[in-house]
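Chains, contacts and geometry: an overview
Listed below are the residues making up each chain.
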Amino acid sequence: MTPYPVNMDVRPAVEAFFDDATNTISYIVKDPTSEACAIIDSVMDIDYAAGRITYDHADALIARITEMGGKLEWIIETHVHADHLSAAPYIQQKLGGKIGVGEKIMVVQETFGKVFNEGTEFQRDGSQFDALFKDGDTYEIGNMQGFAMYTPGHTPACMVHVIGNAAFAGDTLFMPDGGSARADFPGGDAGELYDSIQKVLTLPDDMRLFMCHDYGPNGRDIAWETSVGEEKAHNIHVGGGKTKEEFVKFRTERDAQLAVPKLIIPSLQVNMRAGEVPTDDNGNPMLKVPVNGL
Ligand SMILES: [Fe+2]
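Described below are features of the structure shown in this document. This is a predicted model, so every value here is computed, not measured.

**A word on the side chain of Asp255**
Mapping Asp255 onto the fold places it in helix H6 (residues 244–255). For Asp255, the contacting residues outside a window of four places in its chain are Arg182, Ala183 and Asp184.

What follows is the structure in structure tokens.
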């Protein structure tokens, strides 16, 4: 049983947009009874070597919402991603909608404000976002009610968003054969991640579960949808009743071998600002590289 306001009778239409460059899946979630919709985890394209930002992936989301006559009400980030840049402000400028993230964004801003030596003009109170979600907070998308579950572990600000019979896992879980996300970023914690995953697994077994990432392990095709029941039974890291001790040991050893995500440096600077690219003293977009700082 879950203490959250689950309503499996609400069945949003979910469309997935896979980003090849970062293996991220963005979603358009639409209320079947109105024009209202939301975007979960958008992507802004970057050629980091060239310092060039483009918007092909975001434009595809915008084009689809325009085509369906959708009214964009929310642009939600499941967390501060370290492997891709959010396109939230670009999309908001074109279609409106409120940008929301977990309220523990403040912890992430505090940590990385120091790493990137941000001045006092960089607010660490989450004010760059339109809404800060706490555990159990609800919100409306047309006639649908969504709610946020606080699921720290991968990062301190992670939330899983549940809208009717569809849950957006962020980086708590991967597909059953992909396991779970790393827990070794600053503020991450493998034990907390295990507890958060267990919380997600208290949702009904037939809850649709949508991933933020997929890497097609063992050569299988890219996939992004599973269910709570499938994860419970088959997830290679937590399924079949694996204990917290087993998980923490495995996760910690595995994380020690993982390379730093290619786009972590630009991603953090942009995503902790709700997707805005920082600017230099002349107001021009500019990114920093803290040498040996991460
Ligand atoms: Fe992530």
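**Considerations on the sheet that holds strand E10 (residues 144–150)**
The strands making up a sheet associate through backbone hydrogen bonding, with each pair oriented either parallel or antiparallel. The 6 strands lie next to each other as E9-E10-E11-E12-E13-E14, forming an open sheet whose pairing is mixed. Because the sheet does not close on itself, it has two edges, and the strands there are strand E9 (138–141) and strand E14 (225–227). If you compare each strand with its neighbour and ignore which way they point, the axes differ by 30° on average. Where strand E11 (residues 159–163) lies against strand E12 (residues 166–168), 3 bridges are found, and the strand directions are antiparallel. Directly across from Ile163, in E12, lies its bridge partner Ala166. Contacts from helix H4 (residues 190–200) reach E10, E11 and strand E13 (208–210) within the one sheet, and its direction differs from that of E10 by about 155°.

**Brief notes about the coordination of the iron ion**
Protein coordination of the iron ion is provided by His79 (NE2), His154 (NE2) and Asp171 (OD), with donor distances spanning 2.0 to 2.4 Å. As a motif over one chain, the donors of the iron ion read H-x74-H-x16-D. One end of the pair, His79, is in the loop between strand E6 (71–76) and helix H2 (88–95); the other, His154, is in the loop between E10 and E11, with 75 residues separating them in the sequence. With respect to burial, His79 and His154 carry one shared label: buried.

**Here's the deal with the pattern of salt bridges**
It is possible for side chains of opposite charge to pair when their charged atoms get near one another. For the structure shown, the criterion picks out 15 salt bridges. Between Lys104 and Glu103 there is a salt bridge; the shortest N-O distance is 3.9 Å. Assessed through its relative accessible area of 32%, Lys104 is described here as partly exposed. Its salt-bridge partner being Lys288, residue Glu118 comes within 3.8 Å of it at the nearest N-O pair. With Glu118 in the loop between helix H3 (105–115) and strand E8 (131–133) and Lys288 in the segment after helix H7 (264–271), this pair connects stretches of sequence that are 170 residues apart. Owing to a relative accessible area of 12%, Glu118 belongs among the buried residues under this scheme. What emerges from the salt-bridge pattern is a single network uniting Glu15, Arg64 and Glu67.

**Some remarks on the packing of aromatic side chains**
Under the criterion given, the structure shown has 11 aromatic pairs. Here the aromatic rings of Trp74 and Phe133 are separated by 5.5 Å at their centres, their planes lie at 45°, and the arrangement is tilted. With Trp74 in strand E6 and Phe133 in strand E8, the pair connects residues that are 59 residues apart, well separated along the chain. Ring geometry for Phe168 against Phe210: centres 5.2 Å apart, planes inclined by 15°, an arrangement best described as stacked. One end of the pair, Phe168, is in strand E12; the other, Phe210, is in strand E13, and 42 residues separate them in sequence. Exposure remark for Phe168: the relative accessible area of 1% places this residue in the buried category. Site record: aromatic cluster; members linked through ring pairs are Tyr27, Phe168 and Phe210.

Conventions used here
Residues numbered from 1 in each chain as written. Predicted model: local features only at pLDDT ≥ 70, side-chain atom pairs only at ≥ 80, totals over all residues. Heavy atoms only, no water. Helix = DSSP H or I, 4+ residues; strand = E, 2+ residues; numbered from the N terminus. Contact = heavy atoms within 4.5 Å. Pairing = 2+ DSSP bridges. Axes fitted to C-alpha atoms, helices over the stretch in contact; angles between N-to-C directions. Donors = N, O, S within 2.8 Å, 3.2 Å for Na, K, Ca; no water. Buried < 20%, exposed > 50% of the residue type's maximum accessible area, 1.4 Å probe, protein only. Salt bridge = Lys/Arg side-chain N within 4 Å of Asp/Glu carboxyl O. Phe/Tyr/Trp six-rings, centres within 6.5 Å; stacked < 30°, edge-to-face > 60°.

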